[in-house]
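Observations on the three-dimensional arrangement
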Amino acid sequence: MGNLPLSKMDYESIKKLKQLNKNDLLDLIEGLSIYLKDRNFPIFEDVVELLLNFNKELIPFINRIFEGEESDWKLNVLEYLLPQYPIGVLIELEVSLIKLVETPTTLDRELEVDMAAKEVLKKIQA
């Protein structure tokens, strides 16, 4: 955990993380995913870039985000991470995506999380 950014502006840690190999980063996925909560975080794009090194390894973390209450976090994953993933990974998230579409929370509906999930589903079903 010592390699994780200490704040939303910790570019030095990001620079060090970019030098790690994929196996070393794997242990930090959950901690890094926290920085996807707000797309206004200065290191947001760097974290997306780091997480794009992983495919199926992220599925459990993405499912936990989708099952949670934080609509902004869900939306950021749907709009910034998933569009760049291969169909094979998206297919494994299909059940969670359908749930977001069919049973959105009030805030999910307000932020259009359900609509973003529907867009990802279209990509799977194309």
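The structure we're discussing is the one just above.
A few points on the structure.

The rules behind each value
- Residues numbered from 1 in each chain as written.
- Predicted model: local features only at pLDDT ≥ 70, side-chain atom pairs only at ≥ 80, totals over all residues.
- Heavy atoms only, no water.
- Axes fitted to C-alpha atoms, helices over the stretch in contact; angles between N-to-C directions.
- Helix = DSSP H or I, 4+ residues; strand = E, 2+ residues; numbered from the N terminus.
- Parallel < 35°, antiparallel > 145°, perpendicular 65-115°, else oblique.
- Left-handed = near helix turned anticlockwise from the far one by under 90°.
- Contact = heavy atoms within 4.5 Å.
- Nonpolar A, V, L, I, M, F, W, Y, C, P; charged D, E, K, R; others polar.
- Salt bridge = Lys/Arg side-chain N within 4 Å of Asp/Glu carboxyl O.
- Buried < 20%, exposed > 50% of the residue type's maximum accessible area, 1.4 Å probe, protein only.
- Core = buried A, V, L, I, M, F, W, Y, C linked by side-chain atoms within 4.5 Å.

1. Describing the packing of helix H8 (residues 94-102) against helix H10 (residues 113-125)
Helix-helix packing is characterised by the crossing angle of the two axes and by the distance between the axes. Orientation of H8 relative to H10, taken along the N-to-C sense of each, is 140 degrees, at an axis distance of 8 Å. For the element pair H8 / H10, the angle class is oblique. H10 is crossed by H8, and the crossing has left-handed handedness. Where H8 abuts H10, its residues Glu-94, Leu-97, Ile-98, Leu-100 and Val-101 lie against Val-113, Asp-114, Ala-117, Lys-118, Val-120, Leu-121, Ile-124 and Gln-125. Residues that form the contact of H8 with H10 fall into these classes: nine nonpolar, one polar and three charged.

2. Some thoughts on the pattern of salt bridges
If you walk through the whole model with that rule in mind, you get 10 salt bridges. A salt bridge links Arg-64 to Glu-30; the nearest nitrogen and oxygen atoms lie 3.0 Å apart. A residue pair is termed long-range when its members are at least 10 positions apart, and Arg-64 in helix H5 (residues 59-67) and Glu-30 in helix H3 (residues 29-33) qualify at 34 residues. For Lys-56, the salt bridge goes to Glu-92, with nearest N and O atoms at 2.5 Å. Residue Lys-56 is found in the loop between helix H4 (44-51) and H5, and its partner Glu-92 is found in helix H7 (residues 87-92); the two are separated by 36 residues along the sequence. For Glu-92, a relative accessible area of 42% puts it in the partly exposed group. By sharing partners, the salt bridges in this structure join Lys-18, Asp-46 and Glu-49 into a single network.

3. Side note on the nonpolar core
Within the largest apolar cluster, 41 residues are counted, with the highest numbers of intra-cluster contacts made by Leu-78, Leu-82 and Leu-97. Mapped by element, the contributors of at least two residues to this core are helix H1 (11-17), H3, H4, H5, helix H6 (71-81), H7, H8 and H10. If one sorts the elements of this core by residue count, H10 sits on top with six residues. Those residues in contact with Leu-82 that lie beyond four places of it in its chain are Ile-62, Phe-66, Val-77, Leu-90, Leu-93, Leu-97, Val-120 and Lys-123.

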